[in-house]
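Spelled out, the chains give:
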Amino acid sequence: MSTIDNLPPLREVIATHDLAARKSLGQNFLLDLNLTAKIARQAGDMADCDVLEIGPGPGGLTRGLLSEGARHVLAIEKDRRCLPALAEIADHYPGRLTVIEGDALEVDPLTHLTPPIRVAANLPYNVGTELLVRWLTPPEWPPFWQSLTLMFQREVAERIVATPGSKAYGRLAVLAQWRSDARIVLQLPPGAFTPPPKVSSSVVHLTALPEPRFPADPDVLSRVVAMAFNQRRKMLRSALKGAAPDIEDRLRAAGLSPTERAEQISLEGFCALAREIAKG
Ligand code: SAM
């Protein structure tokens, strides 16, 4: 029996269900249930929330979320080999775990969720970044989620929380920090996972703000930031040449110098520029 519930330890679950990790699915499992409970606690109070978990695998984080009191967990897993192990967890917590077999990039989970909703996941890094960008750029704000608690490769986590002037500062930082509070809440060495990945990992917790920090049209902001950082070593006047014919005037009107580079521009500066460019 494990320390957080009366279910078998994860090594036993993996052996029973023959869940040898597959590299193609980015499977690096967390087997220490005290650690998964600790990650779950970073998601905040879940007693009155539905939690969307992507990529539950053998269920380590799922068990953490449930033992820490999540009202209901909806878990989306692509690897059908994991379903019997997840069904055992669902039996242990009647009515509190629903599992959908599918690709999180294709399944729409919202019809199965009741707000307020939190998201928690330990995902393969490529899928995690793509989902994060989608969750940060919904058609309307506030988004469906109250918070996101996500495992990333440390370098990606640092890009999410980066501030102007640092190498890690870029599109991801602007997107994330414009409409949410983003913090690194845990650092994990490769040895925390089975099998261990090559790099260290970090858990990032993002809380959705009710409104953007500074006003701007989301599409214009997104376009301007992408252009500026695509040529991050160039001065803004040349990196943004295609954004508006009189870009130097727009930059000055936004309080920016045409000779500055993208990585020096604050979130507030990018929003001011997006407003200037949106004037048409
Ligand atoms: N949450 C488990 C843990 O912490 O031990 C497993 C983490 S493992 C890094 C990533 C999990 O995501 C695997 O179970 C994998 O099968 C699943 N996965 C990979 N791509 C996915 C996708 N596109 N949609 C849903 N699940 C996916």
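All values derive from a computational prediction rather than experimental measurement. (Residues numbered from 1 in each chain as written. Predicted model: local features only at pLDDT ≥ 70, side-chain atom pairs only at ≥ 80, totals over all residues. Heavy atoms only, no water.)

## What about the overall build of the protein chain?
Now for step 1: The number of helices and strands found in the protein chain is 11 helices and nine strands.
Now for step 2: When the backbone C-alpha atoms are referred to their principal axes, the protein chain occupies close to 65 × 35 × 25 Å.
Now for step 3: Looking at the protein chain as a whole, 51% of its 280 residues qualify as buried.
Now for step 4: Summarising the internal contacts of the protein chain: among those between residues at least 6 apart in sequence, 69% fall at separations of at least 24.
Now for step 5: A total of about 12,900 Å² of accessible surface is found on the protein chain, and carbon and sulfur atoms cover 50% of it.
Now for step 6: A distance of 8 Å separates the average location of the 32 positive side-chain charges in the protein chain from that of its 32 negative side-chain charges. (Helix = DSSP H or I, 4+ residues; strand = E, 2+ residues; numbered from the N terminus. Buried < 20%, exposed > 50% of the residue type's maximum accessible area, 1.4 Å probe, protein only. Contact = heavy atoms within 4.5 Å. Areas by Shrake-Rupley, 256 points an atom, 1.4 Å probe, with all protein chains shown as cover. Lys, Arg positive; Asp, Glu negative; His and termini not counted. Charge placed at Lys NZ, Arg CZ, Asp CG, Glu CD.)

## Description of unusual backbone geometry
Now for step 1: Cis geometry is adopted by the peptide bond preceding Pro-116, which originates at Pro-115 and carries an omega value of -5 degrees.
Now for step 2: Locating Pro-116 in the fold gives a position in the loop between strand S4 (97-101) and strand S5 (117-122).
Now for step 3: Following Trp-141, the chain continues into Pro-142 via a peptide bond in cis, with omega recorded as 5 degrees.

## Regarding the site of the ligand
Now for step 1: Taken together, 20 residues lie near the ligand, and Leu-30, Gly-55, Glu-77, Asp-103 and Asn-122 sit nearest.
Now for step 2: Here Gly-55 contributes a backbone N or O atom positioned 2.8 Å from a nitrogen atom of the ligand.
Now for step 3: The fraction of the free accessible surface of the ligand (590 Å²) that becomes covered by protein chains is 98%.
Now for step 4: Elements represented by at least two residues in the shell around the ligand include exactly strand S1 (29-30) and strand S3 (72-77). (Near = heavy atom within 4 Å. Polar contact = N/O pair within 3.5 Å; in protein donor to acceptor, adjacent residues only side chain to side chain.)

## Comments concerning the pattern of salt bridges
Now for step 1: This structure, assessed with the given rule, holds 14 salt bridges.
Now for step 2: When the shortest N-O distance is used, the salt bridge between Arg-159 and Glu-155 registers 3.6 Å. With Arg-159 and Glu-155 both in helix H6 (residues 154-161) and four residues apart, this pair spans about one turn of that helix.
Now for step 3: In this structure Arg-159 comes out as partly exposed when scored by relative accessible area, which is 31%. (Salt bridge = Lys/Arg side-chain N within 4 Å of Asp/Glu carboxyl O.)

## Section: the side chain of Asn-122
Now for step 1: Within the element layout of this structure, Asn-122 appears in strand S5.
Now for step 2: Apart from residues no more than four positions distant in its own chain, Asn-122 is found in contact with Asn-28, Leu-30, Ile-54, Gly-55, Leu-61, Met-151 and Phe-193.

## A few points about the domain arrangement of the protein chain
Now for step 1: Taken as a whole, the protein chain is organised into domain 1 (10-208) and domain 2 (218-278).
Now for step 2: Just the C-alpha atoms count here: the centres of domain 1 and domain 2 sit 33 Å apart.
Now for step 3: The interface is formed by 11 residues belonging to domain 1 together with 15 residues belonging to domain 2.
Now for step 4: Summing both sides of the interface, domain 1 and domain 2 together bury roughly 1,000 Å²; the carbon and sulfur share of this comes to 68%. (Domains from an automatic or database assignment. Buried area = accessible area lost by both parts, 1.4 Å probe.)

## Things to note about the nonpolar core
Now for step 1: Core analysis: the largest hydrophobic core is formed by 35 residues, its most contacted members being Ile-39, Leu-65 and Leu-188.
Now for step 2: Going through the elements one at a time, helix H1 (10-16), S1, helix H2 (33-42), helix H3 (60-67), S3, helix H4 (83-92) and strand S7 (180-188) are the ones with two or more residues in this core.
Now for step 3: Looking at which element gives the most residues to this core, the answer is H2, with four residues.
Now for step 4: By size, the runner-up hydrophobic cluster in this structure holds 32 residues, among which are Leu-52, Leu-113, Trp-145 and Leu-172. (Core = buried A, V, L, I, M, F, W, Y, C linked by side-chain atoms within 4.5 Å.)

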